[in-house]
Amino acid sequence: MTTTKQATIQTIMVEVATASLIGKALNYAVATVEGWEFATDHHFNDGGINHRPGDYWSWWHRDERLVQFAYFDYSSKWAMGGPLVDLYKVAIRFQTNSMDADAFWQAQIGAEPFESVEMWQQMQPLAANECADTALIAICLAVVAAKLGDTVSIPIELVEASV
């Protein structure tokens, strides 16, 4: 466990297996891949709706932009998560076995960009091969695995909020 000081608050970071990321922890990991850096967590009351830790954050982008009260929801909103498919060249497919009820979405990112169908069929080495219950979650897991690896550092409050 490491502790980092960012902005004006101290955040405890924990190492989490990429394949086990869900919810806010997964969205945080994708946001970091996209160049956003955590600045501070805001706890506030908005029109009587209490937001839990991790709902709205301030983020710095690598191009020096500050976004206040941003809520990244890559794993459940196609408007946010969908563009990852083109950006990271994610191949997705629905897998099912007629012999049993297990069905899942699979997302793969090649170690090298696929230049043709033939390259895809030859099963070039993969940078990521992730499975999940929804297409967006599988896409997000593949992006995080390909860019950050098998384990990632996540603020502890987001891991707790995702459980």
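Placed above this text is the structure.
These lines cover the structure that appears in this document, whether it is placed above or below. (Residues numbered from 1 in each chain as written. Predicted model: local features only at pLDDT ≥ 70, side-chain atom pairs only at ≥ 80, totals over all residues. Heavy atoms only, no water.)

As for helix H1 (residues 23-33)
Spelled out, the test is: Note on exposure labels: buried denotes an accessible area under 20% of the residue type's maximum, exposed denotes more than 50%, and partly exposed covers the range between, all computed with a 1.4 Å probe on protein chains only. What counts as a helix is a DSSP run of H or I of at least four residues, what counts as a strand is a run of E of at least two, and both are numbered from the N terminus.
Most of H1 sits inside the fold, with nine of its eleven residues counted as buried. Buried residues of H1: Lys24, Ala25, Leu26, Asn27, Tyr28, Ala29, Val30, Ala31 and Val33, and no others. Looking one or two residues past H1, Gly35 carries a phi angle of roughly 100°, positive in sign.

Observations regarding the side chain of Asp73
Condition: As used throughout, the charge tally considers Lys and Arg to be positive and Asp and Glu to be negative, leaving His and the chain termini uncounted. Salt bridge, as used here: a side-chain nitrogen of Lys or Arg that lies within 4 Å of a carboxyl oxygen of Asp or Glu. Any pair of N or O atoms that falls within 3.5 Å is considered a polar contact. Within protein, one atom must be able to donate a hydrogen and the other to accept it, and sequence-neighbouring residues count only if both atoms are side-chain atoms. Residues are treated as being in contact if the distance between any of their heavy atoms lies within 4.5 Å.
Looking at the secondary structure, you find Asp73 in the loop between strand E7 (66-70) and helix H2 (78-81). Salt bridges are absent for the buried Asp73, whose nearest opposite-charge side chain, Lys77, sits at 4.3 Å. Polar side-chain contacts of Asp73 include one of 2.7 Å to the side chain of Ser76. Not counting residues within four places of it along the chain, the set of residues in contact with Asp73 comprises Asn27 and Met80.

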